[in-house]
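Breakdown of the fold
Single-letter residue listing:
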Amino acid sequence: MSTDASPRTPRYTVAITGASGALYAVRTVAAMLDQGCDLDLVVSDYGRRLLVDELGREASIERLMSYLEGKYGAGVRRGRCEVISNRDLGATIASGSRPTRGMVIVPCSMKSLAGVANGLSRNLVERAADVMLKERKPLVLVPRETPMSLPQLRNMVQCAEAGAVVLPAMPGFYHLPQTLDDLADFLAGKILAALGLEQRLCADWTGRVDR
Ligand SMILES: Cc1cc2nc3c(=O)[nH]c(=O)nc-3n(C[C@H](O)[C@H](O)[C@H](O)COP(=O)(O)O)c2cc1C
């Protein structure tokens, strides 16, 4: 875990909050690291819990790099990942001066969504997202909840109006997924594309379902 990187290294912020779908988060982080990205990673308390609850202790934040390498291969070592405390509102990414290209919150809880929608900046996840909006940089939100209340739907509209991309955790099925990893690949591919990164995780639609 290190901070220095060449100015040309693509630097992004990834936040993991306490919604279901930890597999989407680890797939996204692994794919970005594989492309040599420099990641500032912030995980809320419930995000930490969901990583362990859904993926096991080996996916805890302290062991995340080894977990990613074991699951997705040594390519993840091409990138760098620094974990920053969600309580550190004085961290680099709390400022617009940080040369960050964009941010994704994956998965994004309804609580964090509400915080971003209303510019609350109660913690580093919300503050870093607020910085993306004020600096007019890409902010991708991956909400997961069902069904949704009117306030939750309104919060999504508010985020979209402020410039965020709302990319719900809704993988498609037209690529005939066989495994949970296929579903995670689909969603992570969409996230990378929304951040302006190259992605080979989900194939372009060819006009027909290939069996
Ligand atoms: C096992 C578990 C699953 C949860 N799943 C969701 C979910 O899918 N969506 C959601 O918005 N909140 C979910 N929650 C509730 C959030 O974790 C909770 O609102 C938390 O305060 C969110 O805080 P955070 O955004 O700071 O992580 C879940 C909580 C637990 C313990």
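Before going into details, it helps to say that this report is about the structure given with it. (Residues numbered from 1 in each chain as written. Predicted model: local features only at pLDDT ≥ 70, side-chain atom pairs only at ≥ 80, totals over all residues. Heavy atoms only, no water.)

Some thoughts on the overall build of the chain
Counting its regular elements, the chain contains seven helices and six strands. What you see in the chain, going N to C, is helices and strands ordered as β-α-β-α-α-β-β-α-α-β-α-β-α. Radius of gyration (C-alpha) of the chain: 16 Å, near the 17 Å computed for a compact globule of 211 residues. When its C-alpha atoms are laid out on the principal axes, the chain stretches across 50 × 40 × 35 Å. Residues counted as buried form 50% of the 211 residues belonging to the chain. Sequence separation of 24 or more characterises 75% of the internal contacts of the chain that already satisfy a separation of 6 or more. In the structure as shown, the chain presents an accessible area of about 10,300 Å², 50% of it carried by carbon and sulfur atoms. Between the averaged position of the 26 positive side-chain charges in the chain and that of its 23 negative side-chain charges there is a distance of 2 Å. (Helix = DSSP H or I, 4+ residues; strand = E, 2+ residues; numbered from the N terminus. Rg over C-alpha atoms; globule rule 2.2 N^0.38 Å. Buried < 20%, exposed > 50% of the residue type's maximum accessible area, 1.4 Å probe, protein only. Contact = heavy atoms within 4.5 Å. Areas by Shrake-Rupley, 256 points an atom, 1.4 Å probe, with all protein chains shown as cover. Lys, Arg positive; Asp, Glu negative; His and termini not counted. Charge placed at Lys NZ, Arg CZ, Asp CG, Glu CD.)

Here's the deal with the packing of aromatic side chains
Aromatic rings considered in pairs are described by the distance between their centres and by the relative angle of their planes. All told, the structure shown has two aromatic pairs when counted by the stated rule. A centroid spacing of 5.7 Å and a plane angle of 80° characterise the contact between Tyr 174 and Phe 186, whose relative ring orientation is edge-to-face. Here Tyr 174, found in the loop between β6 (165-166) and α7 (180-194), pairs with Phe 186, found in helix α7; they are 12 residues apart in sequence, far enough to count as distant. On the basis of relative accessibility, which here comes to 5%, the residue Phe 186 falls in the buried class. Between the aromatic rings of Tyr 174 and Trp 205, the centroid separation amounts to 5.3 Å while the plane-to-plane angle is 75°, which identifies the pairing as edge-to-face. Taken together, the positions of Tyr 174 in the loop between β6 and α7 and Trp 205 in the segment after α7 put the pair 31 residues apart, joining distant regions of the chain. Judged by its relative accessible area of 37%, Tyr 174 falls in the partly exposed class. An aromatic cluster is built from Tyr 174, Phe 186 and Trp 205, whose rings are joined through pairwise contacts. (Phe/Tyr/Trp six-rings, centres within 6.5 Å; stacked < 30°, edge-to-face > 60°.)

Quick notes on the site of the ligand
Around the ligand, the structure places 14 residues, and the nearest of them are Gly 18, Ser 44, Ser 109, Ser 112 and Arg 144. Interatomic distance of 3.0 Å between a backbone N/O atom of Ser 20 and an oxygen atom of the ligand. Interatomic distance of 2.6 Å between a side-chain N/O atom of Ser 44 and an oxygen atom of the ligand. About the coverage of the ligand: the protein hides 73% of its 640 Å² of free accessible area. Those elements that provide at least two residues to the shell around the ligand are α2 (45-55) and α4 (110-117). Tallied by class, residues from the shell around the ligand come to four nonpolar, six polar and four charged. (Near = heavy atom within 4 Å. Polar contact = N/O pair within 3.5 Å; in protein donor to acceptor, adjacent residues only side chain to side chain. Nonpolar A, V, L, I, M, F, W, Y, C, P; charged D, E, K, R; others polar.)

Some remarks on the nonpolar core
Counting 39 residues, the largest nonpolar core has Met 32, Leu 41 and Leu 68 as the members making the most contacts within it. If you list the elements that add at least two residues to this core, you get β1 (11-16), α1 (22-34), β2 (38-43), α2, α3 (64-72), β4 (102-108), β5 (139-143) and α7. Per element, the largest residue contribution to this core is 10 residues, and it comes from α1. Beyond its immediate stretch of four places on either side in the chain, Leu 68 contacts Val 26, Val 29, Ala 30, Leu 33, Gly 73 and Val 76. (Core = buried A, V, L, I, M, F, W, Y, C linked by side-chain atoms within 4.5 Å.)

These values are about where atoms sit, not about what they do.
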